[in-house]
Amino acid sequence: MIYPSGRAVVLAGAGALPALLAAFLVPAWWTLAIVWIGAVIVLMLIDALAGAALRSVEASVGAPQAVGVGGEVPVRIAVSGLSGPAEARLGHDDLLAEIAGFAPKLRLAGTEQEGGVIHRLVAARRGLSALGPLWLRWRGPLGLVWKQRVIDPEVSVAIQPDLARVREDAMQLLRRDAMIGERVEPLIGQGREFEALTDYQRGMERRMIDWKRSARHSRLLAKEYRAETANSLVLAIDSGRLMGEPVAGLPRIDRAVAAALLTAFVALKAGDGVRLFSFDSHPHIASGAVRGTQSFAQLQRLAADIGYSTHETNFTLGLTSLDARLDRRSLVVIFTDFVDPASAELMLRTVGRLTAKHVVLFLIMRDEELESVVDAVPQDSEAVARAVVAGTLLRERKLVIERLRLAGADVLEADWRDMGPQLVGRYLDIVKAQRL
């Protein structure tokens, strides 16, 4: 595409106006304006034919193949076939965002060796982001026309859950608790595999008594079971509308995915089986149980496919579908959020059936925005009204948490900064208590 530059428009106007004024004074000179504009057009044609042709100019775009969500994406743009400066603008989808204060229009020096700029973007959401198109334009030698070319770079960036901190936090937690992964001795406890019969002692649960053998031997005998050394962990991530709300610049669901992957890494290192499940209005991802640290890459790929939904979460369908897939007692960690008791009513009805067979742990993020509104000193009546509404929402939130606990579920309300380590700590406590 070739079109006039601002210089050509100013030049045409600067000559045409005096020519029209002269024609007004001397009517025979009216052709001067047409001659002037024609001369400018001829110069524009010469300028368009001179210099680099559209097809001779090429551009290359380089970007990392994969980056963690929230990380910086350096994109290198280089141009070949030009001897002068050029301007470029790179398009992208909503998975990437511009850095605040960074000009989207880039100025390139010229050749591929001398030119080339680094355009820095931020990975805002997970997924496969396609870069482009690339708009490239440069002026002719006279500066009267712009030559513009649109290039499809065919470059994509895979935005994955940020694992740099996940692995670092996981290794610190494993070093802190050295017993994880070293469970060699068979432990006697509340497992499922029968170990032996023993005399019933005061303090034992009555359900452990074997009544038939006790009647045969004329004394109370109790069953001992081998404690489980390979537990089952289910990471159920709510990907509904509320989980798409941002927390410190990242959606809640990305914070949840990072905490889930951290816990999965520790569980795989300990030899436990891990499942990944995601749902909003209906289930989306339902993996089978995987074991061993070599399976972590598989969970990472599945987590990268968890999308950002605008649908309301259907807890009845999601949790019922999850329950039907589990064939053994498991620790089910549900990453979710709620606003009030009305929106969480269906969730509360389903939890009771799930806690009857499994250990259920809800992980929710503290609402720092509401807490800051409540704690702030009100300056006017509007601030007082906001504080009252925020306080009401926090009380309703606590009411839902208490109802979850009454239904038999554990609830972990954590700050987004350390929710991953807190979840790992709670998981380790549940395993050591032999609740599975």
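Here the structure is a predicted model, which is why all the values come from computation and not from measurement. Residue positions within a chain follow its written sequence, with the count starting from 1. Since the coordinates come from a predicted model, pLDDT governs what is reported: local features require at least 70, and pairs of side-chain atoms require 80 or more to be given and counted, while whole-chain, interface and lining totals use all residues. With hydrogens and water stripped out, all remaining heavy atoms of the structure feed into the side-chain values.

(A) Expanded view of the sheet that holds strand β16 (residues 232-238). Each pair of strands is called paired provided DSSP finds at least two bridges between the two strands. Runs of E in the DSSP output that reach at least two residues are strands. Runs of H or I that reach at least four are helices, and both are numbered from the N terminus. Pairing within the open sheet is mixed, and its six strands lie in the order β20-β19-β16-β21-β22-β23. Two strands in the sheet have a free side with no partner beyond their single neighbour: β20 (283-286) and β23 (410-414). Taken pair by pair, the neighbouring strands of this sheet meet at an average axis angle of 20°, ignoring direction. Direction of pairing for β16 relative to strand β21 (residues 331-335): parallel, over a ladder of five bridges. Paired with leucine 235 across the bridge in β21 is valine 333. Residue contacts are counted whenever heavy atoms from the two residues lie within 4.5 Å of one another. The angle between two axes is taken between their N-to-C directions and runs from 0 to 180 degrees, where each axis is a line fitted to C-alpha atoms and a helix contributes only its stretch in contact. Each of β16, β19 (273-279), β20 and β21 is contacted by helix α7 (residues 315-325), which is oriented at about 155° to β19, the strand it contacts most. Relative to the sheet, helix α8 (residues 345-355) contacts β21 and β22 (359-365), its axis offset from that of β22 by approximately 145°.

(B) Quick look at unusual backbone geometry. Cis rather than trans, the peptide bond between glycine 132 and proline 133 has omega equal to 0°. Along the polypeptide, proline 133 turns up in the loop between β9 (127-131) and β10 (134-139). A positive phi angle, near 55°, is found at glutamate 154, a position not held by glycine. When you line up the elements, glutamate 154 lands in the loop between β11 (145-151) and β12 (155-160).

(C) Spatial organisation of the nonpolar core. Here the nonpolar core consists of buried residues drawn from Ala, Val, Leu, Ile, Met, Phe, Trp, Tyr and Cys, with membership extended through side-chain atoms lying within 4.5 Å. Exposure is judged per residue with a 1.4 Å probe applied to protein chains only, and the accessible area is read against the type maximum: over 50% gives exposed, under 20% gives buried, and values in between give partly exposed. Counting 42 residues, the largest nonpolar core has Leu235, Leu331 and Phe335 as its most contacted members. Looking at this core, the element that brings in the most residues is helix α5 (residues 252-269), giving 12 residues. What leucine 331 contacts, discounting residues up to four positions off in sequence, is Ser232, Leu233, Val234, Val359, Leu361, Tyr427, Ile430 and Leu436.

(D) Structural detail: the packing of α7 against α8. Packing of α7 against α8 leaves a shortest axis separation of 9 Å and a crossing angle of 15°. In terms of their interaxial angle, α7 and α8 are classed as roughly parallel. Considering only the axes of α7 and α8, their crossing is right-handed. Of α8, the residues touching α7 (which contributes Phe315, Thr316, Leu319, Thr320 and Asp323) are Leu346, Met347, Thr350, Arg353 and Leu354. Each angle is binned into one of four classes, with values under 35 degrees roughly parallel, values over 145 roughly antiparallel, values of 65 to 115 roughly perpendicular, and all other values oblique. Whether a crossing is left-handed or right-handed is set by the direction in which the near helix is turned from the far one by less than a right angle, anticlockwise for left-handed and clockwise for right-handed.

(E) Spatial organisation of the sheet that holds strand β4 (residues 72-80). Ordered by their spatial adjacency, four strands build an open sheet running β2-β4-β8-β6, and the pairing between neighbours is antiparallel. Taken across any chain shown, the strands that pair with only one partner, and hence form the sheet edges, are β2 (58-62) and β6 (96-98). Averaged over all neighbouring strand pairs, the angle between strand axes comes to 35°, with direction disregarded. Pairing of β4 with strand β8 (residues 117-123), which is carried by six bridges, proceeds in the antiparallel orientation. Looking at β8, one finds that valine 73 is bridged to leucine 121.

(F) Broad picture of the side chain of lysine 147. Tracing the chain through its elements places lysine 147 in strand β11. No salt bridge forms around the buried lysine 147; measuring N to O, its nearest opposite-charge neighbour aspartate 47 is 6.6 Å away. In protein, a polar contact requires one atom able to donate a hydrogen and another able to accept it; more generally it is a pair of N or O atoms within 3.5 Å, and residues adjacent in sequence count only if both atoms are side-chain atoms. Of the polar contacts made by the side chain of lysine 147, one reaches the backbone oxygen of alanine 48; its length is 2.8 Å. At a separation of 2.9 Å, a polar atom in the side chain of lysine 147 contacts the main-chain carbonyl oxygen of alanine 52. In this tally, Lys and Arg are treated as positive and Asp and Glu as negative; His is ignored, and so are the chain termini. Criterion for a salt bridge: a side-chain nitrogen of Lys or Arg within 4 Å of a carboxyl oxygen of Asp or Glu.

(G) Representation of α8 in the model. Burial in α8 covers these residues: Met347, Leu348, Thr350, Val351, Leu354 and Thr355. Contacts from the buried residues of α8 go to α7, β21, β22 and α10 (381-406).

(H) Fine view of helix α2 (residues 31-49). Expected helix span is given by 1.5 Å per residue-to-residue step, counting one fewer step than there are residues. With 19 residues, α2 should cover 27 Å at 1.5 Å per step; its first-to-last C-alpha distance of 27 Å lies within 8% of that length. Residues of α2 that are buried include every one of Ala33, Val40, Met44, Asp47 and Ala48, and no others. Across the axial projection of α2, the buried residues extend over an arc of 100°, all falling on one side. Every exposed residue of α2 that faces more than 90 degrees away from the buried side is listed here: Ile34, Val35, Leu45 and Leu49. Note that the arc is defined by the directions from the helix axis to the C-beta atoms.

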